[in-house]
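# Tertiary structure, described
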Amino acid sequence: MSWGTELWDQFDNLEKHTQWGIDVLEKFIKFVKERTEIELSYAKQLRNLSKKYQPKKNSKEEEEYRYTSARAFLATLNEMNDYAGQHEVISENMTSLITGELTRYVQELKQERKSHFHDGRKAQQHIETCWKQLEASKRRFERDCKEADRAQQYFEKMDADINVTKADVEKARQQAQLRHQMAEDSKAEYSSTLQKFNSEQHDHYYTHIPHIFQKIQEMEERRIVRIGESMKTFAEVDRQVIPIIGKCLDEITKAAESIDHKNDSQLVIEAFKSGFEPPGDVDFEDFTQPMKRTVSESSLSNSRADGKSEPKFGGKSKGKLWPFIKKNKPPPPPPASASPSAVPNGPQSPKQQKEPLSHRFNEFMTSKPKIHCFRSLKRGGAGPEDFSNLPPEQRRKKLQQKVDELNRDIQKEMDQRDALTKMKDVYIKNPQMGDAASVDHRLAELGQNIEKLRLEVQKFEAWLAEVEGRLSMRSEARRQSGLYEAQNTSAVNSCAQDRESPDGSYTEEQSQETEMKVPATDFDDEFDDEEPLPTIGTCKALYTFEGQNEGTISVAEGEMLYVIEEDKGDGWTRIRRNEDEEGYVPTSYVEVYLDKNAKDS
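Note that the structure is a prediction, hence the values are computed from the model and not measured. (Residues numbered from 1 in each chain as written. Predicted model: local features only at pLDDT ≥ 70, side-chain atom pairs only at ≥ 80, totals over all residues. Heavy atoms only, no water.)

### Looking at the overall build of the chain
The secondary structure content of the chain amounts to 13 helices and five strands. A total of 601 residues make up the chain; the buried ones form 37% of that total. Across the chain, contacts joining residues at least 24 apart in sequence account for 78% of those joining residues at least 6 apart. Carbon and sulfur atoms make up 51% of the accessible area of the chain, which amounts to about 35500 Å² in all. (Helix = DSSP H or I, 4+ residues; strand = E, 2+ residues; numbered from the N terminus. Buried < 20%, exposed > 50% of the residue type's maximum accessible area, 1.4 Å probe, protein only. Contact = heavy atoms within 4.5 Å. Areas by Shrake-Rupley, 256 points an atom, 1.4 Å probe, with all protein chains shown as cover.)

### Observations concerning the sheet that holds strand E3 (residues 572-576)
To summarise the sheet geometry, strands pair through backbone hydrogen bonds and adopt either a parallel or an antiparallel arrangement. Strands sit in the order E4-E3-E2-E1-E5 across an open sheet of five strands; the sheet is antiparallel. The sheet terminates laterally at strand E4 (582-586) and strand E5 (590-594), the two strands that pair on one side only. Strand after strand, the sheet turns through a mean of 40 degrees between neighbouring axes, direction not considered. Alignment of strand E1 (residues 537-541) against strand E2 (residues 560-565), held across four bridges, turns out to be antiparallel. Bridge assignment links Cys 539 to a residue of E2, and that residue is Leu 561. (Pairing = 2+ DSSP bridges. Axes fitted to C-alpha atoms, helices over the stretch in contact; angles between N-to-C directions.)

### Describing the packing of helix H2 (residues 11-52) against helix H4 (residues 68-160)
At a minimum axis distance of 8 Å, the contact between H2 and H4 shows a crossing angle of 165 degrees. By the angle class used here, H2 and H4 are roughly antiparallel. Crossing of H2 against H4: the hand is left-handed. Its residues assigned to classes, the contact of H2 with H4 shows 23 nonpolar, 14 polar and ten charged. (Parallel < 35°, antiparallel > 145°, perpendicular 65-115°, else oblique. Left-handed = near helix turned anticlockwise from the far one by under 90°. Nonpolar A, V, L, I, M, F, W, Y, C, P; charged D, E, K, R; others polar.)

### Quick look at the pattern of salt bridges
Once their charged atoms are close, side chains differing in charge can pair, the charge on each being opposite to the other. Scanning all chains against the criterion turns up 23 salt bridges. A salt bridge links Glu 15 to Arg 121, with the shortest nitrogen-to-oxygen separation between them at 2.2 Å. With Glu 15 in helix H2 and Arg 121 in helix H4, the pair connects residues that are 106 residues apart, well separated along the chain. For the salt bridge of Arg 442 with Glu 445, the shortest nitrogen-to-oxygen distance reads 3.2 Å. Of the two residues, Arg 442 and Glu 445 both sit in helix H11 (residues 440-480), three residues apart, roughly one turn of that helix. Note on Glu 445: relative accessible area 29%, which makes it partly exposed. The network of salt bridges with shared partners includes Glu 565, Arg 574, Arg 576 and Glu 582. (Salt bridge = Lys/Arg side-chain N within 4 Å of Asp/Glu carboxyl O.)

### A short note on the environment of Gln 153
Relative to the helices and strands, Gln 153 is located in helix H4. The spatial distance from the C-alpha of Gln 153 to the C-alpha of Ala 176 is 8.3 Å, given a sequence separation of 23 residues.

### Section: H4
Here H4 is 93 residues long and its end C-alpha atoms lie 135 Å apart, about the 138 Å a rise of 1.5 Å per residue gives. Along H4, the sharpest change in direction is near 35 degrees and occurs at Thr 95. (Expected span 1.5 Å × (residues − 1). Bend = angle between axes of the 7 residues up to and from the residue.)

### Quick notes on the packing of aromatic side chains
What the rule picks out here adds up to twelve aromatic pairs. Ring geometry for Tyr 53 against Phe 73: centres 6.4 Å apart, planes inclined by 80 degrees, an arrangement best described as edge-to-face. You can see Tyr 53 sitting in the loop between H2 and helix H3 (60-64) and its partner Phe 73 sitting in helix H4, a full 20 residues away along the chain. When its relative accessible area of 40% is taken as the criterion, Tyr 53 is described as partly exposed. When its relative accessible area of 37% is taken as the criterion, Phe 73 is described as partly exposed. Judged by centre distance (5.2 Å) and plane angle (90 degrees), the ring pair of Phe 460 and Trp 463 falls under edge-to-face. Residue Phe 460 and its partner Trp 463 are both found in helix H11; the two are separated by three residues, about one turn of the helix. (Phe/Tyr/Trp six-rings, centres within 6.5 Å; stacked < 30°, edge-to-face > 60°.)

### Notes on the nonpolar core
Of all hydrophobic cores here, the largest spans 31 residues; its most connected members are Leu 25, Met 94, Ile 98, Phe 213 and Ile 216. Within the residue set of this core, elements represented by two or more residues are H2, H4 and helix H5 (166-257). Ranked by the residues each element gives to this core, the list is headed by H4, at eleven residues. In this structure, Met 94 is in contact with Val 32, Arg 35, Thr 36, Thr 99, Phe 234 and Val 237, ignoring residues within four places of it in sequence. Grouped together as the second largest cluster of nonpolar side chains are 17 residues, Ala 541, Tyr 543, Tyr 584 and Val 585 included. (Core = buried A, V, L, I, M, F, W, Y, C linked by side-chain atoms within 4.5 Å.)

### Brief notes about the pairing of E5
Counting buried residues along E5, four of its five residues qualify, which places the element largely inside the surrounding structure. Sheet topology note: the E1/E5 ladder contains five bridges and is antiparallel. Looking at the pairing, Gly 537 lines up with Leu 594 of E5.

### Here's the deal with helix H10 (residues 392-429)
Its 38 residues place the ends of H10 55 Å apart at the C-alpha level, agreeing with the 56 Å of an ideal helix rising 1.5 Å per residue. Where H10 is concerned, the buried positions are Pro 392, Glu 393, Gln 394, Arg 395, Leu 399, Val 403, Leu 406, Ile 410, Glu 413, Leu 420 and Tyr 427.

### Focus: the confidence of the model for the chain
Counting all residues, the mean pLDDT for the chain is 76, and 73% of those residues have values of 70 or more. Here helix H7 (residues 316-325) stands out as the element of the chain with the lowest mean pLDDT, 38, in contrast to H2, whose mean of 94 is the highest. This model gives residues 292-381 a pLDDT under 50, and the stretch forms 231 contacts once residues within four places in sequence are excluded. For the stretch residues 483-529, pLDDT sits under 50, and the model shows 161 contacts to residues farther than four places along the chain or on other chains. (pLDDT = per-residue confidence, 0-100.)

### Structural notes on the pairing of E2
One ladder, built from three bridges, connects E2 with E3; its direction is antiparallel. By the bridge assignment, Val 563 is partnered in E3 with Ile 575.

### Concerning the packing of H2 against H5
Across the interface, H2 lies against H5 with an axial gap of 11 Å and an inter-helix angle of 15 degrees. Here H2 lies roughly parallel to H5, going by the angle between them. Viewed along their axes, H2 and H5 form a crossing whose handedness is left-handed. Split into classes, the residues belonging to the contact of H2 with H5 amount to 15 nonpolar, four polar and four charged.

Given below as structure tokens:
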């Protein structure tokens, strides 16, 4: 099957067909080029998507990625970034292996096609020239033959005419012979030209044209093979990245399977655990019996003359009911010294005048806590160095993180010192490399820095040990006094209720607006004239408290004292050291052991 023998007369159709083949190849190149652009655009969009959801550095989002579900999402984002990279590889490989190669091949193909059809046109022009020569020789032979016939007829006519001279007859005879000779020459030339044309025509249709058409056929077949190979490459480029894309998808699946809901739940506990116990049961208040007790500064009762005590909206009732209207609040931090005037609902100065109960209740209901200081703290405002503004458990975690951070800094400084020491030894052994004394100043600085960091570590470790010791002490004490725990926790939470921001975090900022000021009446002038109250139990000071306000008493950590009035819901317990020293201390600063009779009552 050869185009030269089968399509010897289809030169123009072959020219059109080969041009169509080149157009198909260029169309395929354009298709691949647009595919590469799509792959690049898709990869770019995937990368932008992955980058958009990446956690920002030094932001709250970074803290969220300690959870397994968040880490799995981060791994998914990273794998999507690698996934996008594979699409970029597809684009690059298609550009280099298909688009670039085929573009060069098309240029070569066009040149080759042009050369073959140029040769074909030359062959056609040559055979056409031979045909024209043959036609000219034929027409000349025909003309000469006709001229010879006319000359012969004229001679015969002259020879038969008796009136014609002999000379004219001879002249006509010679003319006839000349014409016959010319006819014979034309015949010989025509015959020769005809043989030559036949030979050229045979060579044209059986040698030259088949050879040219065969080359065109081979060129077209190479084009077909090349476009087929390019299509295979097109598929192979995709197939090569499938294993890597599969690994990306496997990693995403692995990340999803690594999500541990139990671990995440534990992390939530570690992140938000305050270390405090939930409030206990609310005590029953019997209003049928006259209540005889010393009126504290936070009491809302009008006078003792009525013989009845009214409900303390700003005191116990508020402290006991908050778990049902708001979430639990942590008590004041143990290390920070508090005063009655700084604690909400704490005992106020006994030298103030009391206000009507309705006025006090309205003030309590309309007051709003100030949270701007807490928000400034959340934005990075300066806080206590020992993190005393945090609940015990959170404070312990922060102190532990600080200790670890300082230890890492110490290790870095020691590594630098070791490196400089080695450099100094090299300078001492090889003075030409440098001056050994030049590093002494830096070594001294590093030594000072290390010493400062070690002092910082000791300071934070002491605070950490103090917190851990107090936590264990409080846990042990709470196990020993279950009933007191139920009463104390409610009062403690009531005390800290107004020191919490809306999101439940604890802050040292005291809300002055929520502080209930209870002016005293003339009844308070009789405070010092009352009979000493009997002791109802003992207590142990868990922390040192500096009582600087009127009505409070200073205690030292570990000191044992007598309890003469338990917490009424205002966050303060009345204690006595001896006959002359008694006052109020924050309930959260002492561990109370009530007598059995006091508990029963």
